[in-house]
Amino acid sequence: TVEDISGRRRAEEALRESELRFGRFMEYLPGYASVKDTDGHVLFMNDALAELVAPHGGVGSVDEQLWPVEVAERLREDDKLVLSGGRALQRIESMPLEGGVQTWLTAKFPILQGDRPALVASISIDITQRKRAEDALFAEKERLDVTLRSIGDAVITTDTDGRVALMNPVAESLLGWPHQDAQGRWL
């Protein structure tokens with residue numbers, strides 16, 4: 001008997017190409033990626049995550065082996081939410097690492113088998129620097145607001161078009177407009 005296996009060979013080649021694309025995508029992803037089963041065992045992690053958790057475990061590990069207990073519990077609860085709800089979840093989370101705490105933007109989503117969630121995929125991007133910059137900007141804005149409120153003279157700042165951007169309470173009482181009404185108006 002002769003069997004034509006050209007269709008099977010094409011399918012195997014397409015699968016190899018798909019796996020190669022996926023591998024390249026994961027290799028160049030600027031963050032950490034993993035896939036876990038319903039019991040929390042890591043089935044896949046990209047090289048960046050493997051390098052980060054290498055001293056504690058790798059593929060086959062569970063969160064309790066990779067992270068401090070309180071972090072592992074939080075991660076596991078998020079996995080349960082994704083699996084039970086069948087929907088994606090996005091969080092900003094603090095991750096304690098040997099070099100200090102990092103802030104990650106994490107997206108978790110289910111991978112379906114048939115019509116039910118069977119795996120949890122996770123992608124995390126380190127946003128520590130962005131978060132620090134946002135916190136510094138917020139602190140500077142608070143200092144500016146305190147300074148403006150404490151000045152005894154009327155202070156009005158405008159943008160380059162001459163529209164009101166900021167004004168202190170003394171300026172509000174002189175103009176008779178609350179800041180919200182004056183903001184964006186020409187004087």
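Described below are features of the structure shown in this document. (Residues numbered from 1 in each chain as written. Predicted model: local features only at pLDDT ≥ 70, side-chain atom pairs only at ≥ 80, totals over all residues. Heavy atoms only, no water.)

Side note on the overall build of the protein
So, step 1. Looking only at helices and strands, the protein has 7 helices and 7 strands in total.
So, step 2. From first element to last, N terminus to C terminus, the protein shows the α and β order α-β-β-α-α-α-β-β-β-α-β-β-α-α.
So, step 3. Relative to its length of 187 residues, the protein is extended, with a C-alpha radius of gyration of 27 Å against a globular reference of 16 Å.
So, step 4. Seen through its C-alpha atoms, the protein measures out along the principal axes to roughly 100 × 40 × 30 Å.
So, step 5. Residues counted as buried form 30% of the 187 residues belonging to the protein.
So, step 6. Within the protein, counting contacts between residues at least 6 apart in sequence, those at least 24 apart form 28% of the total. (Helix = DSSP H or I, 4+ residues; strand = E, 2+ residues; numbered from the N terminus. Rg over C-alpha atoms; globule rule 2.2 N^0.38 Å. Buried < 20%, exposed > 50% of the residue type's maximum accessible area, 1.4 Å probe, protein only. Contact = heavy atoms within 4.5 Å.)

Thoughts on empty space enclosed by the protein
So, step 1. A complete count under the given rule lists 1 cavity of 30 Å³ or more for this structure.
So, step 2. In this structure, the largest cavity encloses a volume near 190 Å³.
So, step 3. Lining the largest cavity we find 18 residues, and of these Ser-34, Leu-49, Trp-67, Leu-75 and Ser-122 sit closest to its centre.
So, step 4. Examining the composition of the lining of the largest cavity, we find that 4 residues originate from one element, strand β1 (residues 32-37), more than from any other. (1 Å grid on protein atoms, 1.4 Å probe; cavity = no way out; pocket = protein on both sides within 12 Å on 5 of 7 lines; lining within 4 Å. Points joined across faces, edges and corners; volume = space filled by probe spheres on them.)

The analysis is restricted to geometry; functional conclusions fall outside its scope.
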